[in-house]
Amino acid sequence: MGSNAWHERAKTVRIDGRALIDGRRVDALDGRSFECISPIDGRKLTEVARCDAPDADAAVAGCRAAFEDGRWAGRAPAERKRILIRFADLMLEHRDELALLETLDMGKPIRYSRTVDVQLAQNCIRWYGEAIDKLYDQVAPTAQDSLALITREPVGVVAAIIPWNYPMLMAAWKIGPALAAGNSVVLKPSEKAPLTALRLAELALEAGLPEGVFNVLPGYGNEAGQALALHMDVDSIGFTGSTRVGKQILQMAGQSNLKRAWTELGGKSANIVCADCPDLDAAVASSIGSIYFNQGESCNAPSRLFVEESIRDAFLDKALALAPNYAPGDPLDESTVMGAIVDAAQMKTVLGYIEDGKAAGARLLAGGRAAREDSGGLYIEPTLFDGVQHQMRIAREEIFGPVLSVLSFTDLDEAVRQANGTPYGLAAAVWTSDMSKAIRTARKLRAGTVHVNQYDNDDITVPFGGYKQSGNGRDRSLHAFDKYTELKTTWIQV
Ligand code: NDP
């Protein structure tokens, strides 16, 4: 489809901002709503239900009833599998619609909404559906007079709170394992991008998921989100978002019913390129592509680049030649690779960090300004700072925008020390042709994921999550079931 076709389709796509509770689309109980504005050109997309504590109570009560009567948890895993696979199929059938909603809502290029976000999200639902009837429980090696079973059971009612940068994919990472395991779920999407989560819940119903099992509660974090985090009848909370709010989630879990609280938080990932990297062009392309992908709004973006001093100039020449390829464009044009920043608050934050970097003495080599201002939308040029020092804010704090901070090193141990020298520990990378050096460095890097000689590999089969203040849980892979199941021991006298 050309950009005109996407613009035409955007005029007619159905957008419904009401909550989905107990199988029905509903307004917030007090009737309040908020405006959903598209960052691509400032157009108003719809009004969205502004849910609060009474709505959270209704959704959690519906979830609890659905869990207790076994309408989902009581089904055989193979039956749950069939419905989840149908759900994934429906996501593919609605690929264009879901992609369009995602792009309009949070500004990412349509080419990636279609081929990355819808694709990975449906694959995630499918993968957990496929997995659930292949997992066996255990029998403990006890004495002859007893039989001890170790079984996994769904934890019950799961609340999932997600951010706006990959709305559909973050939803899938939570609901995939939670639903497959037999739980009932209330999902609170970000107020900045709630539309695809709401549509997903409709598709799940169409696929045969019983009413009340998957509810979506749009609203603000300090209203709907907080009500879920403090709720006495939520058994587990899966949170993805900032470290600041993640800390509050843990506090609220402790303050209420000690619900299991799992956090996937921010990052300031270090990408270390040694002079003996096997392919400098590949290292540059991957480093630049990964920081500017999704407008830099990725938790694992390699936003701190440590390049060995002897190849710094060559690296920067190649990087600066590539940067213009990432100039922001119309997100509804399929050739665009950099879209809009999610909202005015985020735009201000990113531009603020750019000013801070300049004031601190870093050298601005590319970008640094707002772009496409006549579009009515929110765009920032791909930005690159050289001469960044470890203590500068642009080297230590998560910017969550298209800004790369380049630091150079002569001593790899010192680079690793600085790489580990932030509160975060989500991802990291090292590029070298010396495999022993790569393995030694990977072992020293305190991060949930370490890439060696690539940054782009990613798969549902491997866990994703952080060390330190990047969180305590793992999404994806079979490990994600740990968050949404309880381990039960049953002793039987023989
Ligand atoms: P926030 O922490 O601001 O918000 C995340 C979610 O929490 C939103 O739905 C938000 O609602 C809600 N929330 C806010 N305050 C509260 C509260 N007091 N109680 C309960 N819920 C609340 O993060 P962003 O949405 O800005 O997302 C960006 C962050 O997410 C970045 O730090 C990024 O690194 C991280 N992230 C981490 C990933 C990982 O896997 N580790 C993956 C993707 C992103 P509201 O919409 O109203 O703000």
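Look a little higher up for the structure.
Some words on the side chain of Arg312
Within the secondary structure, Arg312 sits in helix H11 (residues 312-322). The buried category is assigned to Arg312, whose relative accessible area is 14%. Residues contacting Arg312, with those up to four places away along its chain left out, are Val307, Arg363, Asp386 and Ser408.

What to know about the site of the ligand
The environment of the ligand is formed by 30 residues, the closest being Glu191, Gly221, Ser242, Leu265 and Glu398. A distance of 2.8 Å separates an oxygen atom of the ligand from a polar side-chain atom of Lys188. Gln248 places a polar side-chain atom, nitrogen or oxygen, 3.2 Å from a nitrogen atom of the ligand. Protein contacts shield 91% of the accessible area of the ligand, which totals 900 Å² for the unbound molecule. According to the grid-proximity analysis, the pocket containing the ligand is the largest pocket. Every element with two or more residues in the shell around the ligand is listed here: helix H8 (221-229), strand S10 (236-240) and helix H9 (243-255). Examining the composition of the shell around the ligand, we find that four residues originate from one element, H9, more than from any other.

Some thoughts on the nonpolar core
Counting 71 residues, the largest nonpolar core has Phe87, Leu179 and Phe214 as its most contacted members. When residues of this core are assigned to their parent elements, the largest contribution, 10 residues, is made by helix H6 (residues 167-180). Those residues in contact with Leu179 that lie beyond four places of it in its chain are Trp72, Arg80, Leu84, Val185, Leu209, Val213 and Phe214. Membership of the second largest hydrophobic core comes to 28 residues, among which are Ile380, Phe409, Ala415 and Leu445.

Conventions used here
- Residues numbered from 1 in each chain as written.
- Predicted model: local features only at pLDDT ≥ 70, side-chain atom pairs only at ≥ 80, totals over all residues.
- Heavy atoms only, no water.
- Helix = DSSP H or I, 4+ residues; strand = E, 2+ residues; numbered from the N terminus.
- Buried < 20%, exposed > 50% of the residue type's maximum accessible area, 1.4 Å probe, protein only.
- Contact = heavy atoms within 4.5 Å.
- Near = heavy atom within 4 Å.
- Polar contact = N/O pair within 3.5 Å; in protein donor to acceptor, adjacent residues only side chain to side chain.
- Areas by Shrake-Rupley, 256 points an atom, 1.4 Å probe, with all protein chains shown as cover.
- 1 Å grid on protein atoms, 1.4 Å probe; cavity = no way out; pocket = protein on both sides within 12 Å on 5 of 7 lines; lining within 4 Å.
- Sits in = over half its atoms within 2 Å of the grid points.
- Core = buried A, V, L, I, M, F, W, Y, C linked by side-chain atoms within 4.5 Å.

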